[in-house]
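Residue-level listing of the chains:
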Amino acid sequence: ALFRMMTLLMILHQGRPERSDFRHQEQKKSCCAICLDLLKDPVTVPCGHNYCMSCIQSHLDEEDQKETHSCPLCRQTFVLRPTLVKNTMLSYLVKKLKKTGTASADHCHAGPGDVACDVCTERKLKAVKSCLHCLVSYCEQHLQPHYKSPAFEKHKLVNPAKGLQENICSRHNEVIKIFCRTDQMYICYLCYMDEHKGHNIVTSEAQGTDRQKEIEVSWQKIQQRIQTREEGVNELQQQIETIEQSADQAVEDSEMIINKLVHFIKEKGSDVKQQIRLYKITEVSRAKELQEKLEQEITELRRKDPELQQLSHTENHAEFQLSYLLQLQLSDSTDTPRTKIHPVTHFEGVPSALSKVSDKVQDFLREKCSKVSLSLRSVDVLLPQEEPKGRNEFLKYSCQLTLDPNTAHKHLYLSDGDRMVSEIPGDRFHVEQQVLSKEALTGRCYWEVEWSGEEVSIAVTYKNNEELDQSGFGENNKSWALDCFEDRYKFRHDQVKTHISGPQSSRVGVYLDHMAGVLSFYSVSDTMTLLCRVTTTFTQPVYAGIWIWRTLFNLTTAKIIELK
């Protein structure tokens, strides 16, 4: 009823020929027909219509290609481009309207996408407020009764909103002001009196306030998550840069070493070739020298051949005897030269020897290169992932750990390939019988420890932890320890002890996500049961640790299981 009365008052108010209507007509005449805004530098065309200087000039510029020009409003044509004359009276009127502020509404015509005033009857202006009680949107002018009349004091004004009619109940045609939490829907008061009677209801404002609080909490969580992800992105970027720099430096150093190795091999190869060439020159020279001697002897023998033939036919025995003796001396004084030198096949041994050397070098390099490859440590640069589910998924991140004798208490004995530790009668650590792993742990790792005896502590710690010399695992902020007893568990960190209940087992699984800062301990039997989970920020690589409780009667042992 109040809404209908208000609407009637507005209609009556608009129907009265008040001074404001005259002022509105004044404002309408002061607007440019092209831009629909208040005239700026008003000019008049020959037909008498007024426009902004820039608007009409742009219009005439577009018509310069035509034979005639026209007025945008009345379409009167002009043979020549009309001369624009400044309208001084209209300029004065526009300035006056600007000073009084009565022209502001003409700057607020509703366009596409705007919320229009529901009361304006002619060209609608932009709404400046919407009333949730009236379910009507108002421009500045029609909003004034809400500010001036006490009848509208309880009306709630909000920023212009579309779809206000959706706040009216389609069944009872009443304003929806109630939220039914039982059915999770907005209703009117008649709905509440009917099918929602006895339900848990609140006002729409209260429900909206609760939703705003929930949104605020969600927004804060999103902002916190964004901040965490941004920090993760920055850390990943730093890791990427570190990996790239380290890899580039390794490539550069490797290239230098390989070049030296190649240079050495080429140098030795050059020496071998030089030796072969020198050997060739020496042997060829000897062979040629002997060849010349043989050719000279052949020449000499061929020269003696006719003399021997002549001597064989002589009949003077005294002359024959003398010549024979001379020829016999010549034959006896001439040695048969050696014509055999080192055969060429001896060079075949050189490639064979080099081939053997090459095979040995290749085998050596393969072995060393494989060790170089094994020395590389993969870096987990992925964003923190969800913790594995089930033992098979954990085993994907299993790591083979061994214990470091250099960190073991002198009363501890390592065996089984430095994976098993037990107590012996008898000090790396002065107070506690503990030992660390050789391997530094980063990324995502999983290992299992099997123990027996009265008490064992399974821990994770920083290595440069001077406090371990004076205290046990978990007694400072650099180590985290799970104490395993025959009938219970206890977690310790920074001297804070927390008792934990869980299924007793002789095997404990440890899962570490170094980047995400997650450390979890599990009781491992036929199934895996989470004993405790810690979230923190690891600032350096960590090491697995084992602490042995000394007893007088029972031998205590702990072994890192070799997972496959």
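Residues numbered from 1 in each chain as written. Predicted model: local features only at pLDDT ≥ 70, side-chain atom pairs only at ≥ 80, totals over all residues. Heavy atoms only, no water.

The protein is annotated in an unreviewed UniProt entry as Tripartite motif-containing protein 16-like of Monopterus albus.

Notes on the UniProt feature "coiled-coil region" (unreviewed entry) in the protein
In the numbering used here, UniProt assigns the feature "coiled-coil region" (unreviewed entry) to residues 226-253 and 284-311. Secondary structure across residues 226-253 divides into 100% helix and 0% strand, with the first and last C-alpha atoms of the span separated by 40 Å. (UniProt positions renumbered as here; feature names shortened; annotations may be inferred. Helix = DSSP H or I, 4+ residues; strand = E, 2+ residues; numbered from the N terminus.)

Quick notes on a positive patch on the surface
A cluster of basic residues, Lys40, Lys86, Lys95 and Lys98, forms a positive patch on the protein surface. Residue placement: Lys86 occurs in strand β5 (residues 85-86). (Patch = residues over 30% accessible without salt bridge, like charges linked within 9 Å, V, L, I, M, F, W, Y side chains within 5 Å. Areas by Shrake-Rupley, 256 points an atom, 1.4 Å probe, with all protein chains shown as cover. Salt bridge = Lys/Arg side-chain N within 4 Å of Asp/Glu carboxyl O. Lys, Arg positive; Asp, Glu negative; His and termini not counted. Charge placed at Lys NZ, Arg CZ, Asp CG, Glu CD.)

Some details on the nonpolar core
Soluble globular proteins tend to bury their nonpolar side chains together. Formed by 38 residues in total, the largest nonpolar core has its most connected members in Val421, Leu441, Trp447, Leu482, Leu519, Phe521 and Ile546. Apart from the residues within four sequence positions on either side, Leu519 is in contact with Val460, Trp480, Val510, Tyr511, Leu512, Cys532, Arg533, Val534 and Phe538. In terms of nonpolar packing, the next biggest core, distinct from the first, is built from 14 residues, Leu39, Cys52, Cys55 and Cys71 among them. (Core = buried A, V, L, I, M, F, W, Y, C linked by side-chain atoms within 4.5 Å. Buried < 20%, exposed > 50% of the residue type's maximum accessible area, 1.4 Å probe, protein only. Contact = heavy atoms within 4.5 Å.)

Side note on the sheet that holds strand β1 (residues 42-44)
Read across the sheet, three strands follow the order β2-β1-β5 without closing on themselves; strand pairing throughout is antiparallel. With partners counted over all chains shown, the strands left at the sheet margins are β2 (50-52) and β5, one partner each. Taken together, the three bridges between β1 and β2 define a ladder with antiparallel strand orientation. Bridge pairing links Thr44 to Asn50 in β2. The sheet strands contacting helix α3 (residues 53-63) are β1 and β2, and the helix crosses β2 at an angle near 95°. (Pairing = 2+ DSSP bridges. Axes fitted to C-alpha atoms, helices over the stretch in contact; angles between N-to-C directions.)

Observations regarding the side chain of Ser505
Within the secondary structure, Ser505 sits in the loop between β19 (496-500) and β20 (507-513). Relative accessible area serves as the criterion here: at 11%, Ser505 is assigned to the buried category. In this structure the side chain of Ser505 is engaged in a polar contact, spanning 2.5 Å, whose partner is the backbone oxygen of Val524. Ignoring anything within four residues of it in the chain, the contact list for Ser505 reads Trp451, Tyr489, Ser523, Val524 and Ser525. (Polar contact = N/O pair within 3.5 Å; in protein donor to acceptor, adjacent residues only side chain to side chain.)

Topic: the confidence of the model for the protein
Averaged over every residue, the pLDDT of the protein is 79; the share at 70 or more is 79%. Within the model, the stretch residues 426-431 combines pLDDT values under 50 with 20 contacts to residues more than four positions away or in other chains. (pLDDT = per-residue confidence, 0-100.)

Focus on α3
Residues Cys55, Ile56, His59, Leu60 and Glu63 constitute the buried set of α3. What you see down the axis of α3 is that its buried residues fit within an arc of 125°, all on one side. (Arc of directions from axis to C-beta.)

Some remarks on the side chain of Ser479
Inspection of the secondary structure assignment puts Ser479 in strand β17 (residues 479-485). Overall, Ser479 belongs to the buried group, its relative accessible area being 0%. Within the structure, Ser479 has its side chain in polar contact with the backbone nitrogen of Gly474 (distance 2.8 Å).

Some words on the pattern of salt bridges
One pass over the structure, following the stated rule, counts 21 salt bridges. A salt bridge links Arg181 to Asp210; the shortest N-O distance between them is 2.3 Å. Taken together, the positions of Arg181 in the loop between β9 (178-180) and β10 (185-187) and Asp210 in helix α7 (residues 204-312) put the pair 29 residues apart, joining distant regions of the chain. Judged by relative accessible area, which is 30%, Arg181 ranks as partly exposed. We classify Asp210 as partly exposed; its relative accessible area is 25%. Of the charged contacts, one joins Arg533 and Glu387 as a salt bridge, the two residues approaching to 3.1 Å between their closest N and O atoms. In the salt-bridge network here, residues are joined through shared partners; they are Arg391, Glu448, Glu450 and Arg507.

Let's talk about the pairing of strand β13 (residues 420-423)
In this structure, strand β12 (residues 412-415) lies alongside β13, joined through four bridges in antiparallel fashion. Counted as the bridge partner of Leu412 is Glu423 from β13. In textbook terms, the turn of a hairpin is the stretch between consecutive antiparallel strands, and for β12 and β13 this stretch comprises four residues, one of which, Asp416, has a positive phi near 55°. Inspection of the sheet shows β13 paired to strand β24 (residues 557-560) by three bridges, in the antiparallel sense. What sits directly across from Met420, in β24, is Lys559.

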